[in-house]
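# Descriptive analysis of the structure
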Amino acid sequence: MIGSAEGTVTALVAVRDATRSYQLDGITVPALRGVSLTVERGDYLAIVGPSGSGKSTLMHLLGGLDRPTSGRLLLDGRDVSSLSAADLARLRNEVIGFVFQSFHLLARTSARDNVALPLIYRGVRKAQRRRLAEETLARVGLAHRLDHRPNQLSGGEQQRVAIARALVTEPSVLLADEPTGNLDSASGEAVLALLEELNAERGVAVAVVTHDRGIAGRARRQITMRDGVIVSAVP
Amino acid sequence: MSLTEAWRVAIDALRASRLRSGLTMLGVIIGVAAVVILVAIGTGAKQTVEEQVEGLGSNLLLIVPGQVDFGAAPTVSRLRLDDVDAVIRVVGDRNLVAVATSSGETVRAGTRSRFTSVVGVLETTPKVFVRSIDRGGYLSRSDVETGRRVAVLGSAVAVTLFGERDPVGSQITIAGVRFRVVGVFAPLGQSLGVDRDDEVHIPITTAQRVFDTSRVDAMAVKAPDRDSMDALSARIVEVLRERHPESEFSAVTQEQILGVLGDILGILTGVLAAIAGISLLVGGVGVSNIMLVSVRERTREIGLRKAVGARPRDIGLQFLLEAVLLTTIGGVVGIALGVGTALIVAAITPVPAVVTWWSVALAFGVSAAVGIIFGVVPAQRAGRLDPVVALRAE
Ligand SMILES: Nc1ncnc2c1ncn2[C@@H]1O[C@H](COP(=O)(O)OP(=O)(O)OP(=O)(O)O)[C@@H](O)[C@H]1O
Ligand SMILES: [Mg+2]
């Protein structure tokens, strides 16, 4: 199932002429104004652009957290407009892994249980969940931090726990919205190296939103957004 | 997500905020305990009164002047001793008829005294009602017919006036008149805070002379058997009406008294239960309130859970189960508290308290229902949260 780095050209996630606007006190605020983008298996792309240009909004669509106001969103080949909230939740669980700038770990919950969380909604038994969570934490270099709570971990460690949580379900695509935004450069570099390793060795498609030109340059494709549209895609 | 998992998630969430969970439960605990305790007291009062009325003896008819209406003030008695003789003729056996004319009087023996209820009676009283004599004997027919100044003491009166000494043969005064003690009743004990051993029996003829009256307050007839009661009561009322055409008389059976008292005490129990129910409802509103606060506080958690694959119903179920857990745990603790308090009250106070299974079942059922009803709105709100909005929440 996993595409090679050369890329079987199967669209994993795609938006077609997608718009997304918000209603704010009766005024329509367009956040995305007609965006088309395809994320293929094994892809590695960076999304850059000024603040407010719609990067996060686009990521939420690609991850099935949100639906376009108009246009189409395809997740794993299925048109999201025909899916119920429950079906969409299942698809998120199976296909997508999210990494957020602010980690979003559950407080007062061990690293192991945080990582095991998505498996609960997949119906995996507790013993199996523990085993998978521990294996995944070992993969991100945190085998010695299983019982630590988020407030007992450094920022870089917390983000690696979050990556483990995104990975534990073996997703086809990892969506990371400014994953290094809250980290110092050394921790940021470790997180980025981890994402690149997953992409290269396991063929997980990775999409990273970043303000850092250096990070963007390491991706295979660079997408630049401005005012809710894609202004350049290289290559 | 399986139901077992949903329970586990809900339990973990409650554990994570123990203080708040405890305070929320407190409302339910108090409500449930109040239901159990108040219903226990109401039921206990009812049982005690019933036992007391039944304890009088079986197949009893109580004859009272006036229409039986428990709401109205008692009418002044027009019964006289010759009416009693007429009733005895109807019944055909003097031993089946008892009478009473009571007055509160001070009874003295030497330097000791006690204010008590002095009752003028026929010698037949122990044959009609269930009363047993501890020492000496009861009044005799000739005591009544000749109006002797003799008295039988309730056990509490005997203890006050004579302590450990045997009072039989001793002199006492009632309202300043000298009497000789001929017997002492066996103790009956207390009920509803009333000391049933606090009375003195004297012949009715003597009582009418000492109290300077000719009235007879009440009459009781013991029917030979249950089947003859209705006919007997009709004949007695008829004879009395002939003798006093201007007055009404009623004969009531124990069942009728029990029925009326039971109704009154049943209403009392119902009112107590309703008051307690309201406090349970208030507890439920508290649960709902806290759950809404909890949904708001945990908005980012909800967003995250949704992002990793929780369906709306998984989230809804989690919050619903939290509410149900809060109220059922509160319910169980409340029941334990209520039952414990009721047992202590029954043991150390004169207030009778009898825990009934239905009040426990009701309190538990209502608290679980309260959890579901008041948990639904917060749970739905949580389930419907937009994950993107939720993740952005502060
Ligand atoms: N819930 C909302 N209601 C109203 N407007 C919104 C909402 N979410 C986003 N927007 C608007 O949509 C536009 C795009 O927002 P978005 O978060 O996608 O930008 P971004 O490119 O991720 O910016 P940043 O680099 O600062 O994270 C912004 O103008 C923002 O104000
Ligand atoms: Mg953003």
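Basis of the calculations
Residues numbered from 1 in each chain as written. Chains lettered and ligands numbered in written order. Predicted model: local features only at pLDDT ≥ 70, side-chain atom pairs only at ≥ 80, totals over all residues. Heavy atoms only, no water. Helix = DSSP H or I, 4+ residues; strand = E, 2+ residues; numbered from the N terminus. Buried < 20%, exposed > 50% of the residue type's maximum accessible area, 1.4 Å probe, protein only. Contact = heavy atoms within 4.5 Å. Areas by Shrake-Rupley, 256 points an atom, 1.4 Å probe, with all protein chains shown as cover. Lys, Arg positive; Asp, Glu negative; His and termini not counted. Charge placed at Lys NZ, Arg CZ, Asp CG, Glu CD. Polar contact = N/O pair within 3.5 Å; in protein donor to acceptor, adjacent residues only side chain to side chain. Pairing = 2+ DSSP bridges. pLDDT = per-residue confidence, 0-100. Salt bridge = Lys/Arg side-chain N within 4 Å of Asp/Glu carboxyl O. Buried area = accessible area lost by both parts, 1.4 Å probe. Near = heavy atom within 4 Å. Nonpolar A, V, L, I, M, F, W, Y, C, P; charged D, E, K, R; others polar. Axes fitted to C-alpha atoms, helices over the stretch in contact; angles between N-to-C directions. Domains from an automatic or database assignment.

### Remarks on the overall build of chain A
Each helix and strand counted, chain A has seven helices and 10 strands in total. Of all 235 residues assigned to chain A, the portion counted as buried reaches 54%. When contacts within chain A are restricted to residue pairs at least 6 apart in sequence, long-range pairs at least 24 apart make up 70% of them. With the model as given, the accessible surface of chain A reaches about 10200 Å², and the carbon-plus-sulfur share is 48%. Counting 29 positive and 25 negative side-chain charges, chain A places the averaged centre of each group 5 Å from the other.

### Observations regarding the side chain of R114 of chain B
All names here are of chain B. Mapped onto the elements, R114 comes out in strand β3 (residues 112–121). Given a relative accessible area of 19%, R114 falls into the buried group. Looking at R114, its side chain comes within polar contact range of the side chain of T160, at 2.7 Å. If we ignore the near neighbours within four places in the chain, the residues touching R114 are E105, T106, V107, A156, V157, T160, L161, D195 and D198.

### A look at the pairing of strand β10 (residues 229–234) of chain A
Residues and elements named next belong to chain A. Looking at chain direction, strand β9 (residues 221–226) and β10 are connected through five bridges and run antiparallel. Considered in β10, the bridge of Q222 is made with V234. Connecting β9 to the next strand, β10, in antiparallel fashion are two residues, including D227 with a positive phi near 50 degrees.

### Some details on the environment of L91 of chain A
All names here are of chain A. Position of L91 among the secondary structure elements: in helix α2 (residues 85–95). The exposure class of L91 is buried, given its relative accessible area of 5%. Once the C-alpha coordinates of L91 and V208 are considered, the two residues, 117 residues apart in sequence, prove to be 20 Å apart. Every residue in contact with L91, bar those within four places of it in the chain, is listed here: L75, R78, L83 and I96.

### Considering the confidence of the model for chain A
The predicted model of chain A averages 91 in pLDDT, with 96% of residues at 70 or higher. In this model residues 1–9 of chain A is a low-confidence stretch, pLDDT under 50, and it forms 10 contacts with partners more than four residues away in sequence or in other chains.

### Concerning the pattern of salt bridges
Taken as a whole and judged by the stated rule, the model has 28 salt bridges over all chains. Of the charged contacts, one joins E196 of chain A and R218 of chain A as a salt bridge, the two residues approaching to 3.0 Å between their closest N and O atoms. On the criterion of sequence distance, the pair formed by E196 of chain A in helix α6 (residues 185–202) and R218 of chain A in helix α7 (residues 213–218) is long-range, its members being 22 residues apart. Under the relative-accessibility criterion, R218 of chain A is labelled partly exposed at 34%. Taking the shortest distance from any N to any O, the salt bridge between R298 of chain B and E322 of chain B comes out at 2.7 Å.

### Quick notes on the side chain of S21 of chain B
Residue and element names in this part refer to chain B. Secondary-structure assignment places S21 in helix α2 (residues 18–55). Given the relative accessible area of 7%, S21 is considered buried. If we skip the residues at most four places from it in the chain, S21 touches L14 and L326.

### Some points on the pairing of strand β7 (residues 173–177) of chain A
All names here are of chain A. The buried count for β7 comes to five of five residues, which makes it a mostly enclosed element. A two-sided burial pattern is seen for β7, the buried positions comprising V173, L175 and D177 on one face and L174 and A176 on the other. Alignment of strand β6 (residues 96–99) against β7, held across four bridges, turns out to be parallel. Along β7, the bridge assignment pairs F98 with L175.

### Concerning the interface of chain A and chain B
Contact residues are listed per partner, giving 24 residues for chain A and 23 residues for chain B. When chain A packs against chain B, the two sides together hide about 2000 Å² of surface, and 63% of this comes from carbon and sulfur. It is L65, H104 and Y121 of chain A in chain A that bury the most area against chain B; as a group they hold 31% of the surface buried on that side. The interface formed by chain A and chain B contains one salt bridge.

### A short note on the site of ligand 1
In the vicinity of ligand 1, 14 residues are found, and the nearest of them are S51, K55, S56 and T57 of chain A together with R392 of chain B. With respect to ligand 1, the chains having nearby residues are chains A and B. Contact distances for ligand 1 include 2.7 Å between an oxygen atom and a side-chain N or O atom of K55 of chain A. In terms of residue class, the shell around ligand 1 is made up of four nonpolar, seven polar and three charged.

### Examining the sheet that holds strand β1 (residues 11–24) of chain A
Note: strands within a sheet are paired through backbone hydrogen bonds, in either parallel or antiparallel orientation. Residue and element names in this part refer to chain A. Taken together, four strands build an open sheet; the order of strands is β2-β1-β4-β5 and the sheet is antiparallel. Of all strands in the sheet, those with a lone pairing partner are β2 (27–40) and β5 (78–79), marking the two edges. With 11 bridges joining them, β1 and β2 adopt antiparallel strand pairing. Opposite Y22, over in β2, you have V29 as the bridge partner. Contacting β1, β2 and β4 (70–75), helix α1 (residues 55–62) runs over the sheet at an angle of about 55 degrees to β2.

### Comments concerning the domain arrangement of chain B
Segmentation of chain B into domains returns domain 1 (3–52 + 259–392) and domain 2 (76–247). The distance between the C-alpha centroids of domain 1 of chain B and domain 2 of chain B comes to 54 Å.

### What about unusual backbone geometry?
All names here are of chain A. In the segment running from V234 into P235, the intervening peptide bond is cis, with an omega of 0 degrees. Relative to the helices and strands, P235 resides in the segment after β10. We note that D17 has phi near 50 degrees; this positive angle belongs to a residue other than glycine. Of note, D17 is situated in strand β1. The residue D25 is not glycine, and still its phi comes out positive at about 50 degrees. Assignment of secondary structure puts D25 in the loop between β1 and β2.

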